[in-house]
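What follows is each chain in one-letter form.
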Amino acid sequence: TTASGNYSHAEGMTGTLASGTAAHAEGGGTTASGNCSHAEGGGNTAAGESSHAEGGGNIVYAHCSHVEGAGNTINSDASHSHAEGTANTVNGFANHAEGIKTATYGTASHAEGSNTVAGIVPTTSTPNPTQPTGAHAEGCQTKATGTAAHAEGGGTTASGKDSHAE
């Protein structure tokens, strides 16, 4: 357990590290490397400034973001975002992913449920697609890929601007 950042605090089991200025790490194998960040639980990393990670095996790279649950990731482009649940991924500003294996892209998008996607998943042939704003996917295996599109239910896709599929 190591507190190496100025004004930092670390407590708990071996492998707990608070290296950011005013960072706080507690639990086991947690790392709070972002300034003013907080990591708690087991195997969590709060690398973004003013970020918070709790639960198990979560990582948050973006600033002002919060992740909770197990195995979730908030990437560096996703400041002011939130992920909760299991194995969710957040990309893009001010997004929210919750549930199991949901993903968000774009800006101000929301995915919830199981295997839902709000935004367009990059591929090798289209690594940087133009992402929507305000896409919302909820349910099971739904996709909202249009700006302000809303897909809900099971297996639905809303791809047009301001479209709704249920």
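**Section: the nonpolar core**
Next, step 1: Core analysis: the biggest nonpolar cluster contains 16 residues, and Val60, Val67, Ile74 and Val90 have the highest contact counts within it.
Next, step 2: For Val60, the residues in contact, after removing those within four places along its chain, are Thr45, Ala46, Ala47, Gly48, Ser51, His52, Ala53, Ser65, Val67 and Ile74.
Next, step 3: Grouped together as the second largest cluster of nonpolar side chains are 9 residues, Ala111, Ala118, Ala144 and Ala158 included.

**Here's the deal with the side chain of Ser81**
Next, step 1: Structurally, Ser81 can be placed in the loop between strand 11 (73-74) and strand 12 (82-86).
Next, step 2: For Ser81, a relative accessible area of 4% puts it in the buried group.
Next, step 3: Looking at Ser81, its side chain comes within polar contact range of the main-chain oxygen of Ala78, at 2.9 Å.
Next, step 4: From its side chain, Ser81 meets the backbone nitrogen of Asn95 in a polar contact 2.9 Å long.
Next, step 5: Apart from residues no more than four positions distant in its own chain, Ser81 is found in contact with Cys64, Ser65, His66, Ile74, Val90, Gly92, Phe93, Ala94 and Asn95.

**Notes on unusual backbone geometry**
Next, step 1: In the Ramachandran plot, Ala22 falls in the positive-phi region, its phi being about 60° despite a non-glycine side chain.
Next, step 2: Relative to the helices and strands, Ala22 resides in the loop between strand 3 (17-18) and strand 4 (24-28).

**Overview of the pairing of strand 10 (residues 66-70)**
Next, step 1: As defined by bridge partners, strand 8 (residues 52-56) adjoins strand 10 across 5 bridges and the pair is classed as parallel. If you follow Gly55 over to strand 10, its bridge partner there is Gly69.
Next, step 2: Here strand 10 runs beside strand 12; their pairing, made up of 5 bridges, is parallel. Counted as the bridge partner of His66 is His82 from strand 12.

**Regarding the environment of Gly43**
Next, step 1: For Gly43, the location among the structural elements is in the loop between strand 6 (38-42) and strand 7 (45-46).
Next, step 2: A residue is classified by how much of its surface remains accessible, and Gly43, at 39% relative accessible area, is partly exposed.
Next, step 3: When the C-alpha atoms of Gly43 and Gly57 are compared, they prove to be 4.7 Å apart, with 14 residues separating the residues in sequence.

**Structural notes on the side chain of Asn44**
Next, step 1: Residue position: Asn44 is located in the loop between strand 6 and strand 7.
Next, step 2: Overall, Asn44 belongs to the buried group, its relative accessible area being 0%.
Next, step 3: When sequence neighbours within four positions are dropped, the list of residues in contact with Asn44 reads Gly29, Thr30, Thr31, Ala39, Ala53, Glu54, Gly55, Gly56, Gly57 and Asn58.

**Description of the sheet that holds strand 22 (residues 164-165)**
Next, step 1: Spatial strand order, 2-4-6-8-10-12-14-16-18-20-22: 11 strands in an open sheet with parallel pairing. Taken across any chain shown, the strands that pair with only one partner, and hence form the sheet edges, are strand 2 (9-12) and strand 22.

**As for the pairing of strand 14 (residues 96-100)**
Next, step 1: As defined by bridge partners, strand 12 adjoins strand 14 across 5 bridges and the pair is classed as parallel. Following the sheet pairing, Gly85 is matched in strand 14 by Gly99.
Next, step 2: With 5 bridges connecting them, strand 14 and strand 16 (residues 110-114) associate as parallel partners. Across the sheet, Gly99 pairs through a bridge with Gly113, a residue of strand 16.

**Some words on the sheet that holds strand 21 (residues 157-158)**
Next, step 1: As summarised here, the arrangement of the 11 strands in space is 1-3-5-7-9-11-13-15-17-19-21, forming an open sheet in which the pairing is parallel. Among the strands making up the open sheet, the edge pair consists of strand 1 (2-3) and strand 21.
Next, step 2: As paired elements, strand 5 (residues 31-32) and strand 7 share 2 bridges and run parallel to each other. By the bridge assignment, Thr31 is partnered in strand 7 with Thr45.

Reading guide: rules and limits
- Residues numbered from 1 in each chain as written.
- Predicted model: local features only at pLDDT ≥ 70, side-chain atom pairs only at ≥ 80, totals over all residues.
- Heavy atoms only, no water.
- Core = buried A, V, L, I, M, F, W, Y, C linked by side-chain atoms within 4.5 Å.
- Buried < 20%, exposed > 50% of the residue type's maximum accessible area, 1.4 Å probe, protein only.
- Contact = heavy atoms within 4.5 Å.
- Helix = DSSP H or I, 4+ residues; strand = E, 2+ residues; numbered from the N terminus.
- Polar contact = N/O pair within 3.5 Å; in protein donor to acceptor, adjacent residues only side chain to side chain.
- Pairing = 2+ DSSP bridges.

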